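What follows is the residue order along each chain.
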2 protein chains.
Amino acid sequence: MKFPTLAAALITLAPTAGLAEGMTLTSAGDRPHMAGSLETFTGTVNIAFLFPPTDPFAASAATVTFLPGARSAWHNHPGGQMLVITEGIGWTQERGGEKHIMRAGDVVWCPPGVDHWHGATDQTAVSHIAVQQAGEGGAVIWGEHVTDAEYLD
Amino acid sequence: MKFPTLAAALITLAPTAGLAEGMTLTSAGDRPHMAGSLETFTGTVNIAFLFPPTDPFAASAATVTFLPGARSAWHNHPGGQMLVITEGIGWTQERGGEKHIMRAGDVVWCPPGVDHWHGATDQTAVSHIAVQQAGEGGAVIWGEHVTDAEYLD
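All figures in this text were calculated on a predicted structure; none of them were measured in a lab.

(A) Inspection of the interface of chain A and chain B at higher detail. The interface of chain A with chain B comprises 42 residues on the first partner and 42 residues on the second. The contact between chain A and chain B buries some 3,300 Å² in all, and 69% of this surface belongs to carbon and sulfur atoms. On the chain A side of the contact with chain B, Met23(A), Phe57(A) and Trp109(A) bury the most area, a combined 23% of that side's loss. Applying the counting rule to chain A against chain B returns zero salt bridges. Applying the counting criterion to the chain A and chain B interface returns 14 residue pairs in polar contact (both at pLDDT 80 or more). Elements with a minimum of two residues in the side of chain A that touches chain B: β1 (24-26), β4 (45-51), β8 (81-94), β9 (99-103), β10 (107-110) and β12 (126-133) of chain A. In terms of residue count, β8(A) provides more of the side of chain A that touches chain B than any other element does, six residues in total. Here the side of chain A that touches chain B is composed, by residue class, of 25 nonpolar, 14 polar and three charged. Of the strand pairs in this sheet, β1(A) and strand β10 (residues 107-110) of chain B are connected by three bridges, and their pairing is antiparallel. Along β10(B), the bridge assignment pairs Thr26(A) with Val107(B).

(B) Molecular detail of the packing of aromatic side chains. Applying the stated criterion across every chain yields a total of 12 aromatic pairs over all chains. On the numbers, 5.4 Å between centres and 65° between planes, the contact of Phe57(A) with Trp109(B) is edge-to-face. Placement of the pair is Phe57(A) in the loop between β4 and β5 (59-66) and Trp109(B) in strand β10, with the two residues belonging to separate chains. Note on Phe57(A): relative accessible area 1%, which makes it buried. Relative accessible area serves as the criterion here: at 6%, Trp109(B) is assigned to the buried category. Their ring planes at 65° and their centres at 5.1 Å tell us that Trp91(A) and Tyr151(A) sit as a pair that is edge-to-face. Here the residue Trp91(A) occupies a position in strand β8, and Tyr151(A) occupies one in helix α2 (residues 148-152), the gap between them amounting to 60 residues. Of the two residues, Trp91(A) and Tyr151(A), both sit in the buried class. Three or more aromatic residues joined by ring pairs form one cluster here, namely Phe41(A), Phe66(A) and Trp142(A). The lysine or arginine in question, Arg95(A), covers the ring of Trp74(A), its NZ or CZ lying 4.3 Å from the ring centre.

(C) Up close: the pattern of salt bridges. All told, the structure shown has six salt bridges over all chains when counted by the stated rule. With a shortest N-O distance of 3.0 Å, Arg95(B) and Asp115(B) are connected by a salt bridge. Here Arg95(B), found in the loop between β8 (81-94) and β9 (99-103), pairs with Asp115(B), found in the loop between β10 and β11 (116-120); they are 20 residues apart in sequence, far enough to count as distant. Given the relative accessible area of 24%, Asp115(B) is considered partly exposed. Notably, a salt bridge pairs Arg95(B) with Glu144(B), separated by 2.6 Å at the nearest N-O pair. One end of the pair, Arg95(B), is in the loop between β8 and β9; the other, Glu144(B), is in the loop between β13 (141-142) and α2 (148-152), with 49 residues separating them in the sequence. Under the relative-accessibility criterion, Glu144(B) is labelled partly exposed at 40%. In this structure, a network of salt bridges that share partners links the residues Arg95(A), Asp115(A) and Glu144(A).

(D) How the structure looks around the environment of Asp153(A). Residue and element names in this part refer to chain A. Position of Asp153 among the secondary structure elements: in the segment after α2. Classification of Asp153 by relative accessible area gives exposed; the value is 73%. For Asp153 and Thr54, which are 99 residues apart along the polypeptide, the C-alpha to C-alpha distance reads 40 Å.

(E) Molecular detail of the relation of the copies chain A and chain B. If you rotate chain A by 180° and push it 0.0 Å along the axis, it lands on chain B with an RMSD of 0.0 Å. When the rotation and shift are considered jointly, the pair of chain copies conforms to a two-fold rotation axis. No C-alpha of chain A approaches the rotation axis more nearly than that of Ala59(A), which lies at 3.3 Å. The fraction of interface residues of chain A whose copies in chain B are also interface residues reaches 100%, indicating that both copies meet through the same surface.

(F) Examining the side chain of Asn76(A) more closely. Residue and element names in this part refer to chain A. Within the secondary structure layout, Asn76 lies in strand β7 (residues 75-76). Relative accessible area serves as the criterion here: at 12%, Asn76 is assigned to the buried category. Within the structure, Asn76 has its side chain in polar contact with the side chain of Asp115 (distance 3.0 Å). Contacts of Asn76, omitting those with residues within four sequence positions, involve Gly113, Val114, Asp115, His116, Ala139, Val140 and Ile141.

(G) Expanded view of the confidence of the model for chain A. All names here are of chain A. Confidence in the prediction for chain A averages 87 pLDDT; 86% of positions are at 70 or higher. Taken together, the stretch residues 1-5 has pLDDT below 50 and engages in 12 contacts with residues farther than four places along the chain or on a different chain. Throughout residues 7-20 the model reports pLDDT below 50, and contacts reaching past four residues in sequence, or to other chains, amount to 21 contacts.

Here is what the cut-offs are and how they apply
- Residues numbered from 1 in each chain as written.
- Chains lettered and ligands numbered in written order.
- Predicted model: local features only at pLDDT ≥ 70, side-chain atom pairs only at ≥ 80, totals over all residues.
- Heavy atoms only, no water.
- Contact = heavy atoms within 4.5 Å.
- Buried area = accessible area lost by both parts, 1.4 Å probe.
- Salt bridge = Lys/Arg side-chain N within 4 Å of Asp/Glu carboxyl O.
- Polar contact = N/O pair within 3.5 Å; in protein donor to acceptor, adjacent residues only side chain to side chain.
- Helix = DSSP H or I, 4+ residues; strand = E, 2+ residues; numbered from the N terminus.
- Nonpolar A, V, L, I, M, F, W, Y, C, P; charged D, E, K, R; others polar.
- Pairing = 2+ DSSP bridges.
- Phe/Tyr/Trp six-rings, centres within 6.5 Å; stacked < 30°, edge-to-face > 60°.
- Buried < 20%, exposed > 50% of the residue type's maximum accessible area, 1.4 Å probe, protein only.
- Lys NZ or Arg CZ within 6 Å of the ring centre and 35° of its normal.
- Least-squares fit on C-alpha atoms with pLDDT ≥ 70 in both.
- pLDDT = per-residue confidence, 0-100.

Right, dumping it as structure tokens:
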């Protein structure tokens with residue numbers, strides 16, 4: 001199952017409001033996946049959706065894999081986001097701050113409205129589970145691409 | 001860092017309400033862990049906390065590892081819970097339903113208020129990331145232990 005945009009995938013997966021009856025189980029092949037759009041990412045990125053928001057459960061999640069050199073554009077999350085790094089080594093940076101290494105086992109908290117980017121290092125791939133919650137304006141607000149100079153600084 | 005109860009760990013980690021300024025990164029050694037209490041689990045269980053709720057971000061998460069034969073007691077989540085199975089093979093069952101196998105790569109949705117249990121199989125360990133949101137009554141309401149007869153049925 002492929003979706004043209006992250007928003008389309010999440011809307012399609014979202015069940016109707018109100019309580020769902022009974023536990024459900026999905027396997028990796030049941031769930032949508034998509035390449036990270038070149039409008040919002042640089043390099044090769046794979047997004048494998050884990051779960052949509054399921055009212056009243058507000059969080060959604062996806063496993064995002066960045067190949068070496070790949071990164072998100074600058075962006076922020078109106079409702080905040082947690083990254084659970086599951087494989088490899090990557091970089092992340094807050095607007096105006098230093099670039100930081102993030103490794104498998106690390107958890108990164110991105111507060112609401114704080115501009116940042118995250119991705120692989122130029123030498124190593126990274127995967128993380130991204131857990132976010134929609135806020136005023138949605139789950140993510142995208143900015144400009146991260147330049148090579150910013151990325152390698 | 002060890003905590004006597006899950007509730008104590010989550011309350012201790014929770015920052016004050018309102019926006020936190022700036023991204024944060026924690027490594028596995030920075031975060032609390034605890035054995036699953038024999039009041040609410042059977043067998044050997046390890047709980048490694050990932051993140052607490054961080055207002056307005058309502059979700060909290062932990063990686064829970066069950067050794068063969070170990071399982072939670074019957075319980076439900078007032079706000080719902082998602083399980084992302086990361087390693088191994090386990091079992092899960094909803095009250096009144098059949099026992100199901102859950103494998104690495106599976107995602108299990110436990111709707112609010114639905115009684116269930118989850119854990120390892122009698123032969124294989126399992127690990128999952130549990131993501132939950134507090135609801136009326138908290139994040140989890142515990143019931144009775146799962147008997148050996150129920151577990152092996």
